[in-house]
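Structure assessment
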Amino acid sequence: MSNYFFERNKKSNEKLRQIVNTLPDFTIDYFIGIEQNTSPLTRLNYATDLAIFFYFLSGEILHKPIKSINLYDLNNIRSRDIELFLSFVTNFSKDGIEYQNGERGKARKLSAIKSLFKYLYKNDYISQDETSKVKSPKIHSKPIIHLDANEVSKLLNESENPTELNNREMAFNKITCIRDTALLSLFLGTGIRVSECVGLNVKDIDFENNAFKITRKGGNQTILYFSEEVSAPLKAWLEERSFWLKDKEQETALFISLQKKRISVRAVEKLVKKYSLTASPLKKITPHKLRSTYGTSLYQETGDIYIVAEVLGHKDVNTTKKHYASISEDIKRSVVNKVKLR
């Protein structure tokens, strides 16, 4: 596993311990119990959502400090209390900060609560699981936002020869254009996730087979392949990278910042936003939208949802179908005259 994922897991575990120390003591057993089947980042997200849940119980239902909440209290929580919580998180204030949650935010929080109650009930900590009576909020599907062929071309052209950047951005581009073009090409040519991209090391790239090794969500490793259109800018960047790191050759990251350290997820997000404002000003383009652009193009070219699911790293092909259902309509129309009756 690359240093990036090791450090990310380490930081997640540190933050997890900090949050768990503020929660009721019985949650310690829960997080130990789910450790073998979840990633540190998943457990951290659960802890963050459970902290809000116990904040609600403490102030609105039980009227006692969070650390004083015990299993007897939890055993007396009813499904209506959990439904009240889902209503509460629509808009609430905590530590002077205002928070909002839509259907997806509520569904994620309910998932964390269900996981806790299910574990406690299964292991005889509580006598009933009231969360089984609570329906998850209905999630309305969003249309896929992706770039069309002309917008993809504009995006890459803008990173190579910018026309709309301000003076400060233009000065940065003169230094980073080779790196930025390679990074954007990798997104658009492989559908890689942003975390997978920043986690790449130089040793993960194999130009002989135009392949690279990535660490997927959950820690599994797999090999993806890229075309010559991706290979060329990657080779150009590796040559440029050697000049950046003359005094720091020990850095293993494929993509580095101007500080000669592994580039961050936030920096990549800002980079994509900067160039996409020119290529597609009406669309809010993120690294994930570049991933969707690749998935859309791959599905349109192959018509094979299973290939798309495999390349994008979806564990369940239904996830892929859900995201690309609208595109399948275009494919069905395009083949209407393929089968001849006479």
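Structural data are supplied above this passage.
Residues numbered from 1 in each chain as written. Predicted model: local features only at pLDDT ≥ 70, side-chain atom pairs only at ≥ 80, totals over all residues. Heavy atoms only, no water.

1. Concerning the overall build of the protein chain
Looking only at helices and strands, the protein chain has 14 helices and five strands in total. When the backbone C-alpha atoms are referred to their principal axes, the protein chain occupies close to 70 × 65 × 40 Å. Per-residue burial for the protein chain yields a buried fraction of 43% across its 342 residues. Of the accessible surface of the protein chain, which amounts to about 19,600 Å², a share of 50% is contributed by carbon and sulfur atoms. Separation of charge centres in the protein chain, based on 54 positive and 41 negative side chains, amounts to 3 Å. (Helix = DSSP H or I, 4+ residues; strand = E, 2+ residues; numbered from the N terminus. Buried < 20%, exposed > 50% of the residue type's maximum accessible area, 1.4 Å probe, protein only. Areas by Shrake-Rupley, 256 points an atom, 1.4 Å probe, with all protein chains shown as cover. Lys, Arg positive; Asp, Glu negative; His and termini not counted. Charge placed at Lys NZ, Arg CZ, Asp CG, Glu CD.)

2. Digging into the side chain of Asp204
Relative to the assigned elements, Asp204 resides in the loop between α9 (194–198) and β3 (205–206). Here Asp204 sits buried without a salt bridge, and the closest side chain of opposite charge, Lys213, lies 4.5 Å off (N-O distance). A polar contact is formed between the side chain of Asp204 and the backbone nitrogen of Asn201, at a distance of 2.8 Å. Here Asp204 is in contact with Gly199, Ala211, Phe212 and Lys213, once residues within four sequence places are set aside. (Salt bridge = Lys/Arg side-chain N within 4 Å of Asp/Glu carboxyl O. Polar contact = N/O pair within 3.5 Å; in protein donor to acceptor, adjacent residues only side chain to side chain. Contact = heavy atoms within 4.5 Å.)

3. Focus on the sheet that holds β3
A sheet is described by the order of its strands in space; here three strands give the open sequence β3-β4-β5, paired in antiparallel fashion. With one partner strand each, in any of the chains shown, β3 and β5 (221–225) form the two edges of the open sheet. (Pairing = 2+ DSSP bridges.)

4. Remarks on the pairing of strand β4 (residues 211–215)
One face of the sheet, then the other: side chains in a regular strand alternate in exactly this way. Most of β4 sits inside the fold, with four of its five residues counted as buried. Between β3 and β4, which pair antiparallel one after the other, the connecting turn spans four residues, and Asn210 there sits at a positive phi close to 45°. Examined bridge by bridge, β4 and β5 share five bridges and lie antiparallel to one another. Paired with Ile214 across the two strands is Thr222, which belongs to β5.

5. Let's talk about helix α12 (residues 287–302)
Compared with the 22 Å implied by 1.5 Å per residue over 16 residues, the 23 Å span of α12 between its first and last C-alpha is a close match. Those residues of α12 not exposed but buried are Pro287, Leu290, Arg291, Ser292, Thr293, Tyr294, Gly295, Thr296, Leu298 and Tyr299. Positive backbone phi, approximately 65°, marks Gly303, located one or two places after α12. (Expected span 1.5 Å × (residues − 1).)

6. Observations regarding the packing of aromatic side chains
Tallied over the entire structure, the rule returns 16 aromatic pairs. Members of the aromatic cluster, joined through ring pairs, are Phe26, Phe53, Phe54, Phe56, Phe85, Phe88, Phe92, Tyr99 and Phe117. Sitting above the plane of the Tyr55 ring, Lys94 keeps its charged end 5.4 Å from the centroid. (Phe/Tyr/Trp six-rings, centres within 6.5 Å; stacked < 30°, edge-to-face > 60°. Lys NZ or Arg CZ within 6 Å of the ring centre and 35° of its normal.)

7. Things to note about the pattern of salt bridges
Applying the stated criterion to the full structure yields 12 salt bridges. For Glu196, the salt bridge identified is with Arg193, shortest N-O distance 2.8 Å. Given a relative accessible area of 14%, Arg193 falls into the buried group. By sharing partners, the salt bridges in this structure join Asp49, Arg108 and Lys109 into a single network.

8. Let's talk about the environment of Lys10
By the element assignment, Lys10 lies in helix α1 (residues 3–20). Sequence separation between Lys10 and Leu41 is 31 residues, and the spatial gap between their C-alpha atoms is 9.7 Å.

9. Observations regarding the environment of Ile77
Inspection of the secondary structure puts Ile77 in the loop between α4 (71–75) and α5 (79–88). Between the C-alpha atoms of Ile77 and Ile307, which are 230 residues apart in sequence, the distance is 45 Å. Those residues within four positions of Ile77 in sequence are excluded, and the remaining contacts are Leu57, Ile61, Leu62, Ile82, Phe117 and Glu130.

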